[in-house]
Each structure stands twice: as structure tokens, then as C-alpha cells.
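Residue-level listing of the chains:
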Amino acid sequence: MKYIKRITNPLERRRVQYGYSQVDISKLLEINQSQYSRIEKGETDPSKHIKKLSKIFNCKPNEVF
């Protein structure tokens, strides 16, 4: 039986649903992967990337998280 990880982080869930890796998203945001990882973990303020993230995930900025 295959184990399926339950994703509780809304940003990670969107990223996985769209088939992106952290590296893919970091390239689209023009930052490095470790910076994106910190955003996804909630360790860094994502406010300057919200507009780009909403375009990437085809949603309104207030729906990113």
C-alpha cells in the first residue's frame, strides 16, 4: 500500500496540485529555493511575492494562503 502524505500547508498544497517543485516556484519568483522554502514554512514574510504567487496559482492574492 502506498503512503500518501497529507499536506496541511495551503501554499505547499497549491504548489503540489499544480505540479510544481519548490525549485520551479523559486525560479518563477526569481529567488533561490531555500528562500522559497522559508516562505512555505512561514519563516519569511511572503508579502512582496503575493502578487506573483497569485498569478502562478491563478487565484486572487488573498487566496494564496
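Residues numbered from 1 in each chain as written. Predicted model: local features only at pLDDT ≥ 70, side-chain atom pairs only at ≥ 80, totals over all residues. Heavy atoms only, no water.

*Asks:* I'm lost on the environment of glutamine 22 in this one. Help?
*Replies:* As for its position among the elements, glutamine 22 is in helix α2 (residues 22–29). Residue glutamine 22 is classed as buried on the basis of its relative accessible area of 18%. If we ignore the near neighbours within four places in the chain, the residues touching glutamine 22 are Arg15, Gln33, Tyr36, Ser37 and Glu40. Side-chain polar atoms of glutamine 22 contact the side chain of glutamate 40, separated by 2.9 Å. (Helix = DSSP H or I, 4+ residues; strand = E, 2+ residues; numbered from the N terminus. Buried < 20%, exposed > 50% of the residue type's maximum accessible area, 1.4 Å probe, protein only. Contact = heavy atoms within 4.5 Å. Polar contact = N/O pair within 3.5 Å; in protein donor to acceptor, adjacent residues only side chain to side chain.)

*Asks:* I would appreciate a short explanation of the packing of helix α1 (residues 10–17) against helix α3 (residues 33–41) in the present structure.
*Replies:* Axis angle and axis distance: for two packed helices, these are the angle between their axes and the distance between the axes, and together they describe the pair. α3 packs onto α1 with a crossing angle of 125° between their chain directions and a minimal axis gap of 8 Å. The orientation of α1 with respect to α3, classified from their angle, is oblique. For the pair α1 and α3, the contacting residues are Leu11, Glu12 and Arg15 in the first and Tyr36, Ile39 and Glu40 in the second. When its residues are assigned to classes, the contact of α1 with α3 shows three nonpolar, no polar and three charged. (Axes fitted to C-alpha atoms, helices over the stretch in contact; angles between N-to-C directions. Parallel < 35°, antiparallel > 145°, perpendicular 65-115°, else oblique. Nonpolar A, V, L, I, M, F, W, Y, C, P; charged D, E, K, R; others polar.)

*Asks:* Whenever I open this one, the side chain of glutamate 40 confuses me. Can you help?
*Replies:* Tracing the backbone through its elements, the reader meets glutamate 40 in helix α3. Relative accessible area serves as the criterion here: at 7%, glutamate 40 is assigned to the buried category. Ignoring anything within four residues of it in the chain, the contact list for glutamate 40 reads Asn9, Leu11, Glu12, Arg15 and Gln22.

*Asks:* Would you explain the pattern of salt bridges in this entry?
*Replies:* Pairing of side chains with opposite charge becomes possible as their charged atoms draw close. All chains considered together, the criterion is met by two salt bridges. With a shortest N-O distance of 2.7 Å, glutamate 40 and arginine 15 are connected by a salt bridge. Of this pair, glutamate 40 sits in helix α3 while arginine 15 sits in helix α1; the two residues are 25 residues apart in sequence, bridging distant segments of the chain. The same class applies to glutamate 40 and to arginine 15, which are both buried. (Salt bridge = Lys/Arg side-chain N within 4 Å of Asp/Glu carboxyl O.)

*Asks:* Looking at this model, I keep getting lost on the packing of α2 against α3. Mind explaining?
*Replies:* Close contact between α2 and α3 brings their axes to 8 Å; oriented N to C, the two are set at 105°. Comparing the axis directions of α2 and α3 gives the class roughly perpendicular. Seen from α2, the contacting residues are Gln22, Val23, Ile25, Ser26 and Leu29; seen from α3, they are Gln33, Tyr36, Ser37 and Glu40. In terms of residue class, the contact of α2 with α3 is built from four nonpolar, four polar and one charged.

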